[in-house]
Amino acid sequence: QVQLVESGGGLVQAGDSLRLSCAASGRTFSSYAMGWFRQAPGKEREFVAAISWNGGNTYYADSVKGRFTISRDNAKNTVYLQMSSLKPEDTAVYYCAADSVLYRTFPGPRIYDYGYWGQGTQVTVSS
């Protein structure tokens, strides 16, 4: 079991950078692949990025590839999303999620693969 709390959201201008953090608690955080999703009003929750349990593999949505970087520090029980070159279309509530199984080596975009979710943090990008 793992509990997740996102932080770091806020209001920024287009082109700015922002780093989101997801603090986790639980006995087995370091054994879970982690992901970031986002949801804008009126839209479905969409995949952003994922990282394997040991940080060795990452996967990104095409819309953020080259601009966003997911990383984790298992010693701190924290996963990060570094966002650069932000665009207004990046505006959404960003959610941290933990995989539903342990030790997934190649996490992906399927929302049903993730069993634990944070409360979300708002990111607003003005033009």
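For the structure, see preceding data.
Residues numbered from 1 in each chain as written. Predicted model: local features only at pLDDT ≥ 70, side-chain atom pairs only at ≥ 80, totals over all residues. Heavy atoms only, no water.

A. Just the overall build of the protein, in detail. From N to C terminus, the protein includes 0 helices and 11 strands. Written out in order from the N terminus, the α and β elements of the protein read β-β-β-β-β-β-β-β-β-β-β. Here the C-alpha atoms of the protein give a radius of gyration of 13 Å, agreeing with the 14 Å that 2.2 N^0.38 yields for 127 residues. Expressed as lengths along the three principal axes of its C-alpha atoms, the size of the protein is roughly 40 × 25 × 25 Å. Buried positions account for 44% of the 127 residues belonging to the protein. Residue pairs at least 24 apart in sequence account for 60% of intrachain contacts in the protein once pairs closer than 6 positions are excluded. Of the roughly 6300 Å² of accessible surface on the protein, 48% is carried by carbon and sulfur atoms. (Helix = DSSP H or I, 4+ residues; strand = E, 2+ residues; numbered from the N terminus. Rg over C-alpha atoms; globule rule 2.2 N^0.38 Å. Buried < 20%, exposed > 50% of the residue type's maximum accessible area, 1.4 Å probe, protein only. Contact = heavy atoms within 4.5 Å. Areas by Shrake-Rupley, 256 points an atom, 1.4 Å probe, with all protein chains shown as cover.)

B. A look at the state of the cysteines. As enumerated under the stated definition, the model contains 1 disulfide in all. Sulfur-sulfur distance for the disulfide between C22 and C96 comes to 2.1 Å. Taking the sign of the S-S torsion, -80° for the link of C22 and C96, the bridge is left-handed. Here C22, found in strand β3 (residues 18–25), pairs with C96, found in strand β9 (residues 92–102); they are 74 residues apart in sequence, far enough to count as distant. Across the pair, exposure class does not vary: C22 and C96 are buried alike. (Disulfide = S-S within 2.5 Å.)

C. Representation of the packing of aromatic side chains in the model. If you walk through the whole model with that rule in mind, you get 7 aromatic pairs. The ring of F29 carries R72 above its face, with NZ or CZ at 4.8 Å from the centroid. (Phe/Tyr/Trp six-rings, centres within 6.5 Å; stacked < 30°, edge-to-face > 60°. Lys NZ or Arg CZ within 6 Å of the ring centre and 35° of its normal.)

D. Representation of the environment of V12 in the model. Note that V12 resides in strand β2 (residues 10–13). Residue V12 is classed as buried on the basis of its relative accessible area, which comes to 11%. Put simply, V12 and T124 are 112 residues apart on the chain and 6.3 Å apart in space, counted from C-alpha to C-alpha. When near neighbours in sequence (up to four residues on either side) are disregarded, V12 contacts L18, L86, T124, V125 and S126.

E. Quick peek at the nonpolar core. Among the nonpolar cores identified, the biggest contains 35 residues, and L4, M34, W36, L81, M83 and Y94 are the most heavily contacted of them. Elements with a contribution of two residues or more to this core: β3, β4 (32–39), β5 (46–51), β7 (68–73), β8 (78–83), β9, β10 (114–117) and β11 (121–126). (Core = buried A, V, L, I, M, F, W, Y, C linked by side-chain atoms within 4.5 Å.)

F. Representation of the pattern of salt bridges in the model. Summed over the entire model, instances satisfying the criterion amount to 6 salt bridges. Note that D62 is salt-bridged to K65, the shortest N-O span being 3.1 Å. For the pair D62 and K65, one class covers both residues: exposed. For R104, the salt bridge goes to D99, with nearest N and O atoms at 2.4 Å. (Salt bridge = Lys/Arg side-chain N within 4 Å of Asp/Glu carboxyl O.)

Nothing here speaks to function; it is geometry throughout.
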